[in-house]
Amino acid sequence: MQNKHEKSNTMLHNSISTQASCADAFDSESITVESARHKILGQIVPVDAIEQLTLHQSLNRVLAQDIVSTVNVPGHTNSAMDGYALSGDDLPDTNQRQYSVVGTALAGAPFKGQCIAGQCVRIMTGAAMPDGTDTVVMQEHTEKISDSEIWISSGHRKYQNVRQAGEDISKDSIVLKKGHCLQAADLGVIASTGIGQVQAYRQPRIAFFSTGDELRSVGDQLDTGQIYDSNRYSIYGMLRGLSVEIIDLGIVKDHPEDLRQALKTASSKADLIITTGGVSVGEADFVKDILEEMGELHIWKVAMKPGRPIAFGQLGKAAFFGLPGNPVSVMTTFYQFVLPAIQRLSGQADRTPLTIKVKCTSDLRKRAGRFECQRGILSLSEADQLTVCATSKQGSGILTSMSRANCLILLDEKCDGISAGDSVTVHPFSTYL
Ligand code: AMP
Ligand code: MG
């Protein structure tokens with residue numbers, strides 16, 4: 001029986017002493033973040049199964065069809081105000097004029113008669129414009145003489161306060177495109193066209209587990225050297241915001257056989273697998289070697305801090321991400337690689353994260369040669385300028401730096417440090433939702 005902390009010879013493809021670790025700034029074997037993302041996305045095959053959903057079920061789901069409206073929205077030209085409808089050609093020129101009120105139009109109860117010169121119709125917001133009218137004068141700009149007569153002041157414009165039929169959505173137009181992930185407003189927009197069911201892609205199934213002999217679950221007692229497994233919780237949290245089915249497979253020991261079993265289970269259940277830990281070159285790091293043994297390894301090292309090494313490959317039908325164990329690295333690599341992969345897997349059209357340039361108020365230390373994600377706090381300065389500063393401690397084990405931050409500061413490979421006052425590129429966390 002092999003000692004669980006010894007790697008078999010077949011697993012030691014390279015001598016550990018010649019391999020770069022995540023502490024090195026330069027590593028000729030590492031690929032750039034950009035080329036890693038490109039390579040990853042090239043390997044992801046979107047889910048193609050389609051489900052019919054009610055609008056209530058479709059929140060956060062990805063459309064498998066274009067939504068085409070069969071109606072105009074609004075369906076009728078209608079009033080945007082409470083007031084009086086009349087013909088714009090019959091508005092007073094310079095002086096106020098007297099009009100007779102020939103009826104009332106309510107939302108859902110139109111005035112069925114005709115309105116001619118010298119006449120107006122009392123109208124409420126949302127009521128269809130009566131025949132012979134195209135303009136509404138707000139109630140506040142009129143003066144009641146009696147129930148059937150009013151004064152209207154001068155200074156109005158033809159067509160004012162009127163919402164044209166189809167001005168929001170025109171009949172036969174594409175309202176939302178296939179590949180769009182439905183948000184709250186989209187549900188309302190679809191409902192406004194009278195459509196109650198949509199076709200969406202099946203949600204991808206994402207399985208994940210943590211690896212590490214030192215890991216214990218919340219609620220357990222800790223012995224010396226043991227720590228609580230936090231990665232499964234941050235991964236759960238990041239997945240919850242996405243259109244996915246979540247499969248939490250718990251904690252797996254740093255033992256090759258346990259890992260093989262867990263990966264077998266995961267690949268039988270999931271479209272995409274995420275593990276954390278055990279992916280580096282330490283004596284208890286088996287993930288990469290087992291991936292090579294059971295499936296295919298496409299990427300291992302990426303020139304990124306925090307976050308290298310990270311394994312990406314294929315395990316049966318499932319895409320596989322072996323993320324590093326350090327809690328901050330888990331989140332930064334998730335946002336850089338796993339999130340776009342899941343978005344593609346779920347059938348979403350490619351999304352460009354909201355990227356902004358802002359002035360950095362603190363110096364940032366960095367060595368050239370790798371991409372860095374520093375944790376930042378965006379805020380409005382006294383001069384009403386959006387600025388960012390780094391959270392104080394930036395270590396890959398300082399998970400509170402993620403919870404205190406509201407953005408990632410992205411520093412490219414060439415950058416060799418930032419001085420206070422320089423402009424930096426930032427991804428607000430909201431862009432990852
Ligand atoms: P590894 O990549 O397995 O060498 O782990 C790197 C560091 O991350 C070690 O200090 C681990 O104890 C820590 N770590 C690994 N997995 C977890 C986890 N699930 N939760 C919290 N810390 C972890
Ligand atoms: Mg480990």
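Residues numbered from 1 in each chain as written. Chains lettered and ligands numbered in written order. Predicted model: local features only at pLDDT ≥ 70, side-chain atom pairs only at ≥ 80, totals over all residues. Heavy atoms only, no water.

Visitor: Residues and numbers for the layout of surface pockets, please.
Guide: A volume near 730 Å³ is recorded for the largest pocket. Lining the largest pocket are 32 residues, and of these Glu34, Arg37, Gln336, Pro353 and His427 lie nearest its centre. Looking at the lining of the largest pocket, the elements with two or more residues in it are helix 1 (33–43), helix 6 (327–345), strand 25 (407–411) and strand 26 (423–428). For the lining of the largest pocket, the element with the most residues is helix 6, which contributes 6 residues. (1 Å grid on protein atoms, 1.4 Å probe; cavity = no way out; pocket = protein on both sides within 12 Å on 5 of 7 lines; lining within 4 Å. Points joined across faces, edges and corners; volume = space filled by probe spheres on them. Helix = DSSP H or I, 4+ residues; strand = E, 2+ residues; numbered from the N terminus.)

Visitor: Just give me the short version of the site of ligand 1, but keep the residues and values in it.
Guide: Taken together, 14 residues sit near ligand 1, with Glu214, Asp229, Ser230, Gly278 and Gly325 positioned nearest. At 3.0 Å, a backbone N or O of Ser230 approaches a nitrogen atom of ligand 1. Within the backbone of Asn326, an N or O atom sits 3.3 Å from an oxygen atom of ligand 1. Looking at the shell around ligand 1, the elements with two or more residues in it are strand 13 (205–211) and strand 15 (227–228). Across the shell around ligand 1, the residue classes break down as 4 nonpolar, 8 polar and 2 charged. (Near = heavy atom within 4 Å. Polar contact = N/O pair within 3.5 Å; in protein donor to acceptor, adjacent residues only side chain to side chain. Nonpolar A, V, L, I, M, F, W, Y, C, P; charged D, E, K, R; others polar.)

Visitor: Break down the packing of aromatic side chains for me, citing the residues and quoting the values.
Guide: Aromatic ring pairs are described here by two measures, namely the spacing of the ring centres and the angle between the planes. For the structure on display, the rule yields 5 aromatic pairs. Taken together, a centroid distance of 4.9 Å and an interplanar angle of 45 degrees make the contact between Phe312 and Phe321 tilted. Both residues of the pair, Phe312 and Phe321, count as buried. Within the aromatic cluster, the residues linked to one another by ring pairs are Phe334, Tyr335, Phe429 and Tyr432. The lysine or arginine in question, Lys288, covers the ring of Trp300, its NZ or CZ lying 4.4 Å from the ring centre. (Phe/Tyr/Trp six-rings, centres within 6.5 Å; stacked < 30°, edge-to-face > 60°. Buried < 20%, exposed > 50% of the residue type's maximum accessible area, 1.4 Å probe, protein only. Lys NZ or Arg CZ within 6 Å of the ring centre and 35° of its normal.)

Visitor: Explain the sheet that holds strand 7 (residues 135–138) to me, and be specific about the residues and the numbers.
Guide: The pairing of strands in a sheet happens through backbone hydrogen bonds and is either parallel or antiparallel. Ordered in space as 7-4-6-5-9-8, the 6 strands form an open sheet in which the pairing is mixed. Of all the strands in the sheet, just strand 7 and strand 8 (142–146) have a single pairing partner and so form its edges. The average angle at which neighbouring strand axes cross in this sheet is 40 degrees, direction not considered. Here 4 bridges tie strand 5 (residues 97–105) to strand 9 (residues 149–152), and the two strands are oriented antiparallel to one another. Looking at strand 9, one finds that Tyr99 is bridged to Ile150. (Pairing = 2+ DSSP bridges. Axes fitted to C-alpha atoms, helices over the stretch in contact; angles between N-to-C directions.)

Visitor: Mind laying out the state of the cysteines, listing which residues take part and the relevant values?
Guide: One pass over the full model with this rule turns up 0 disulfides. The thiol sulfur of Cys120 is not disulfide-bonded, and the nearest other cysteine sulfur, from Cys115, lies at 6.6 Å. Exposure remark for Cys120: the relative accessible area of 0% places this residue in the buried category. The structure places no disulfide on Cys407, whose sulfur is separated from the nearest cysteine sulfur, that of Cys389, by 8.5 Å. (Disulfide = S-S within 2.5 Å.)

Visitor: Can you break down a nonpolar patch on the surface residue by residue, with the values?
Guide: A surface patch of nonpolar side chains, amounting to about 370 Å² of accessible area, comprises Val218, Leu222, Tyr228 and Tyr233. Here Tyr228 shows up in strand 15. A relative accessible area of 37% means that Tyr228 is categorised as partly exposed. (Patch = residues over 30% accessible without salt bridge, like charges linked within 9 Å, V, L, I, M, F, W, Y side chains within 5 Å. Areas by Shrake-Rupley, 256 points an atom, 1.4 Å probe, with all protein chains shown as cover. Salt bridge = Lys/Arg side-chain N within 4 Å of Asp/Glu carboxyl O.)

These figures capture arrangement, not role.
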